[in-house]
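Overview (structure and organization)
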Amino acid sequence: MIAACKIDISVGEDDFDSAVELEKLRSAGVGAIASFTGIVRDEATGPALIALTLEHYPEMTTSQLRKIAEQAADRWQLGAVIICHRVGRLLPEDNIVFVGTSSAHRKAAFDACAFIMDYLKTEAPFWKKEETTQGTRWIDARISDDEALKKW
Amino acid sequence: MRIRYFAWMREHTGCSEEQLALPAAVLTVSDLIDHLSSVSDGHALALKNRKTVRVAVNLTFAAPDTPLCDTDEVAFFPPVTGG
């Protein structure tokens, strides 16, 4: 039996270790752990990517991520939610984001993880700036990210 | 009132934050955007396309008709691109 959902949010410049975060999701009553790890691609929207700089609104970021995790916990029976999001200058292959969810059964863990990522993409105040071989530019938001919310 | 700008809006306004004594005529977020747009060309450029302006009042997403008071923190930023 799972008690109240444990929520752990961290935002900062330091890297995280997905394996370590996954271990934290194990607890009594948990039969399923799902996770998503976002990584910096080496291709920009055009030319080769040198780095990606993530800016955020620190006071709002943590509270928004917590709200999203709480919405997921209201909707599915979850043991724990972990969200780690990095900011600052990141290089190709660096970790950007980790979302992990645990539950008694796989569907709740999978769905809650996807729900959190979809909402994070549209409601958490982060912005990415690409540094490429041809200069820098702010990445535009994708309409498909807004569309993704409709399924929830 | 504390006003904050993020991402390319910060680059256009040339500042990450500024203090403003709330003018009597500014009652809502929409009024504030009108007022700030007259501050400088950079402000006008940052806030030009209302469809791309996201607003948070006291750390919560707000709408154009959200009412304001002098102690609020208002943040302007483009659509988010995290994850």
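Structure first, text after, so check above.
Structure report, in brief. Because the structure is predicted, anything quoted here is derived from the model rather than measured.

Rules and cut-offs
Every chain is numbered on its own, with residues counted from 1 as its sequence reads. To read the labels, note that chains go from A and ligands from 1, taken in the order they are written. In keeping with the predicted nature of the model, local features appear solely for residues at pLDDT of at least 70, side-chain atom pairs appear and are counted solely at 80 or more, and the whole-chain, interface and lining totals rest on all residues. Water and hydrogen atoms were dropped before computing side-chain values, which therefore reflect all heavy atoms in the structure. Each helix corresponds to a stretch of at least 4 residues labelled H or I by DSSP, and each strand to a stretch of at least 2 residues labelled E; elements are numbered beginning at the N terminus. In this treatment the radius of gyration is a C-alpha quantity, and the globule benchmark scales as 2.2 Å times the residue count to the 0.38 power. Positive charge is attributed to Lys and Arg, negative charge to Asp and Glu, and no charge count is given to His or to the chain ends. We put the charge of a Lys on NZ, of an Arg on CZ, of an Asp on CG and of a Glu on CD. Whenever a carboxyl oxygen of Asp or Glu lies within 4 Å of a side-chain nitrogen of Lys or Arg, that contact is scored as a salt bridge. The buried label applies to any residue whose accessible area, calculated with a 1.4 Å probe on protein chains only, is under 20% of its type's maximum; exposed applies above 50%, and partly exposed to all values in between. Note on pairing: DSSP must find at least two bridges between two strands before they are called paired. The axes used here are C-alpha line fits, helices contributing only the stretch in contact, and every angle between their N-to-C directions lies in the interval 0 to 180 degrees. We call two residues contacting when some pair of their heavy atoms lies within 4.5 Å. Summed over both partners, the accessible area (1.4 Å probe) lost when two parts come together is defined as the buried area. A 3.5 Å cut-off defines polar contacts: any pair of N or O atoms within that distance qualifies, except that in protein one atom must be a possible hydrogen donor and the other a possible acceptor, and neighbouring residues in sequence count only when both atoms are side-chain atoms. Classes in brief: Ala, Val, Leu, Ile, Met, Phe, Trp, Tyr, Cys and Pro nonpolar; Asp, Glu, Lys and Arg charged; the others, Gly included, polar. Residues grouped as a nonpolar core are buried Ala, Val, Leu, Ile, Met, Phe, Trp, Tyr and Cys residues, joined through side-chain atoms within 4.5 Å. The pairing test for Phe, Tyr and Trp rings, Trp by its six-membered ring, is centres within 6.5 Å, and the orientation test on the planes gives stacked under 30 degrees, edge-to-face over 60, and tilted for anything in between.

1. So, the overall build of chain B
- Regarding its fold elements, chain B presents 3 helices and 5 strands.
- If you list the helices and strands of chain B from N to C, you get β-α-β-α-α-β-β-β.
- Against the 2.2 N^0.38 benchmark of 12 Å for 83 residues, chain B shows a C-alpha radius of gyration of 12 Å, consistent with a compact globule.
- Counting only C-alpha atoms, chain B reaches 35 × 25 × 20 Å along its principal axes.
- For chain B, the distance from the average site of its 7 positive side-chain charges to the average site of its 10 negative ones is 9 Å.

2. Details of the pattern of salt bridges
- Taken as a whole, this structure holds 16 salt bridges over all chains when the rule is applied.
- In this structure, Glu-131 of chain A engages Arg-89 of chain A in a salt bridge whose closest nitrogen and oxygen atoms are separated by 2.9 Å. Of the two residues, Glu-131 of chain A is situated in strand S7 (residues 126–132) and Arg-89 of chain A in strand S5 (residues 88–90); the sequence distance between them amounts to 42 residues.
- Accessibility expressed as a relative area gives 23% for Glu-131 of chain A, which makes it partly exposed.
- On the basis of relative accessible area, Arg-89 of chain A is assigned to the partly exposed category, the value being 49%.
- For Asp-140 of chain A, the salt bridge is made with Arg-137 of chain A, and the minimal N-O distance between the two is 3.7 Å.
- Counted as one network, the salt bridges with shared partners bring together Glu-59 of chain A together with Arg-2, Arg-4, Glu-17 and Glu-73 of chain B.

3. So, the sheet that holds strand S6 (residues 95–103) of chain A
All names here are of chain A.
- Spatial ordering of the open sheet is given by S1-S4-S6-S2, a layout of 4 strands whose pairing is mixed. Single-partner strands in this sheet number two, and they are strand S1 (6–12) and strand S2 (32–39). Strand-to-strand twist across the sheet, computed as the mean angle between neighbouring axes with direction ignored, equals 5°.
- As defined by bridge partners, strand S4 (residues 78–86) adjoins S6 across 7 bridges and the pair is classed as antiparallel. Each residue of the ladder has a partner; that of Leu-78, found in S6, is Ser-103.
- Contacting S1 and S4, helix H2 (residues 58–75) crosses the sheet at an angle of about 150° to S1.
- Each of S2, S4 and S6 touches helix H3 (residues 106–123); the most contacted strand, S6, lies at about 145° to it.

4. Overview of the interface of chain A and chain B
- Listed by partner, the interface residues are 25 residues for chain A and 19 residues for chain B.
- Sorting the residues of chain A by area buried against chain B places Tyr-57, Trp-127 and Trp-138 of chain A first, and these three jointly supply 34% of that buried surface.
- Here chain A and chain B share 3 salt bridges between them.
- Between Glu-59 of chain A and Arg-4 of chain B there is a salt bridge, with the nearest N and O atoms lying 3.1 Å from each other.
- Our count for the chain A to chain B interface comes out at 14 residue pairs in polar contact (both at pLDDT 80 or more).
- Counting residues per element, the ones that place at least two in the side of chain A that touches chain B are strand S3 (49–56), H2, S6, H3 and S7 of chain A.
- Of all the elements, H3 of chain A adds the most residues to the side of chain A that touches chain B, at 5 residues.
- Looking at side-chain class alone, the side of chain A that touches chain B contains 13 nonpolar, 4 polar and 8 charged residues.

5. Notes on the nonpolar core
All names here are of chain A.
- In terms of nonpolar packing, the biggest core is built from 33 residues, with Ile-83, Val-99, Ile-116 and Leu-120 touching the most fellow members.
- Elements represented by at least two residues in this core include exactly S1, S2, S3, H2, S4, S6 and H3.
- Among the elements that make up this core, the one with the highest residue count is H3 (9 residues).
- Excluding residues that lie within four positions of it along the chain, Val-99 makes contacts with Ala-34, Ser-35, Phe-36, Ile-82, Ile-83, Cys-113, Ile-116, Met-117 and Leu-120.

6. What to know about the packing of aromatic side chains
All names here are of chain A.
- With the rule as written, the count across this model stands at 12 aromatic pairs over all chains.
- When the centroid spacing of 5.2 Å and the interplanar angle of 70° are considered together, the rings of Trp-76 and Phe-115 count as edge-to-face. Of this pair, Trp-76 sits in the loop between H2 and S4 while Phe-115 sits in helix H3, and the two are 39 residues apart along the sequence. For the residue pair Trp-76 and Phe-115, the accessibility class agrees, reading buried in each case.

7. Thoughts on the environment of His-56 of chain A
- Looking at the element boundaries, His-56 of chain A is found in strand S3.
- In this structure, the C-alpha to C-alpha distance between His-56 of chain A and Ile-9 of chain A, residues 47 residues apart in sequence, is 15 Å.
- Ignoring any residue separated from it by four or fewer positions in sequence, one finds His-56 of chain A in contact with Val-11, Thr-61, Val-87, Pro-125, Phe-126 and Trp-127 of chain A together with Phe-6 of chain B.
- Side-chain polar atoms of His-56 of chain A contact the side chain of Thr-61 of chain A, separated by 3.0 Å.

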